[in-house]
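Okay, here's what each chain looks like letter by letter:
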Amino acid sequence: GEDAYEWKPERWLSPLPPAVEEARVLGCTRTCTMSFHGGGRSCIGFKYAQLELKVVLAVLLNSFKFALTEKPVFWNHAGVMYPTVGEESKRPEMPLTVSQL
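## Looking at the overall build of the chain
Then comes step 1: Tallying secondary structure elements over the chain gives 2 helices and 4 strands in all.
Then comes step 2: Reading the chain from its N terminus to its C terminus gives the helix and strand order α-α-β-β-β-β.
Then comes step 3: For the chain, long-range pairs separated by at least 24 residues make up 33% of all intrachain contacts whose partners lie at least 6 apart in sequence.
Then comes step 4: Carbon and sulfur atoms form 62% of the exposed surface of the chain, whose accessible area is close to 9,300 Å².

Take a look at the structure:
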């Protein structure tokens, strides 16, 4: 605002404006990763870094073969489904055999 460069520590003690309180933030974008931060000073390379990560993964994943092991995998139905080795275990794990193509 007009007084952005003025020293006014009391501005942080007043309640938030209604526009800020009613703002809806959708999902997790730049603000959920501390390395990129959010807001006006967020990293401009965020989307480039995401794209680069996808390209590297696509290249790497095509260079390997993934297969299940002999251990029995059980899918637990919770808020999020997760695999475990056997029905008794609650530790998420999915053992894989990875071999280079």
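## Quick word on the side chain of serine 89
Then comes step 1: Within the secondary structure, serine 89 sits in the loop between β3 (82-85) and β4 (96-100).
Then comes step 2: Of note is the side chain of serine 89, whose polar atom sits 3.2 Å from the backbone nitrogen of arginine 91.

## Some words on the pattern of salt bridges
Then comes step 1: Using the criterion set out here, one finds 3 salt bridges in the structure.
Then comes step 2: Across the salt bridge formed by aspartate 3 and lysine 8, the nearest N and O atoms sit 2.9 Å from each other.
Then comes step 3: A residue is classified by how much of its surface remains accessible, and aspartate 3, at 25% relative accessible area, is partly exposed.
Then comes step 4: Between glutamate 6 and lysine 8 there is a salt bridge; the shortest N-O distance is 3.9 Å.

## Overview of the pairing of strand β2 (residues 73-76)
Here is the key point about a regular strand: its side chains alternate between the two faces of the sheet.
Then comes step 1: Alignment of β2 against β3, held across 4 bridges, turns out to be antiparallel. Bridged to phenylalanine 74 within β3 is threonine 84.
Then comes step 2: From the end of β2 to the start of β3, which pair antiparallel, there are 5 residues.

## Regarding the side chain of asparagine 76
Then comes step 1: Position of asparagine 76 relative to the elements: it lies in strand β2.
Then comes step 2: A polar atom in the side chain of asparagine 76 sits 3.0 Å from the side chain of threonine 84.
Then comes step 3: Those residues in contact with asparagine 76 that sit more than four places away from it in its chain are Met81, Tyr82, Pro83, Thr84, Ser89 and Lys90.

Calculation notes
- Residues numbered from 1 in each chain as written.
- Predicted model: local features only at pLDDT ≥ 70, side-chain atom pairs only at ≥ 80, totals over all residues.
- Heavy atoms only, no water.
- Helix = DSSP H or I, 4+ residues; strand = E, 2+ residues; numbered from the N terminus.
- Contact = heavy atoms within 4.5 Å.
- Areas by Shrake-Rupley, 256 points an atom, 1.4 Å probe, with all protein chains shown as cover.
- Polar contact = N/O pair within 3.5 Å; in protein donor to acceptor, adjacent residues only side chain to side chain.
- Salt bridge = Lys/Arg side-chain N within 4 Å of Asp/Glu carboxyl O.
- Buried < 20%, exposed > 50% of the residue type's maximum accessible area, 1.4 Å probe, protein only.
- Pairing = 2+ DSSP bridges.

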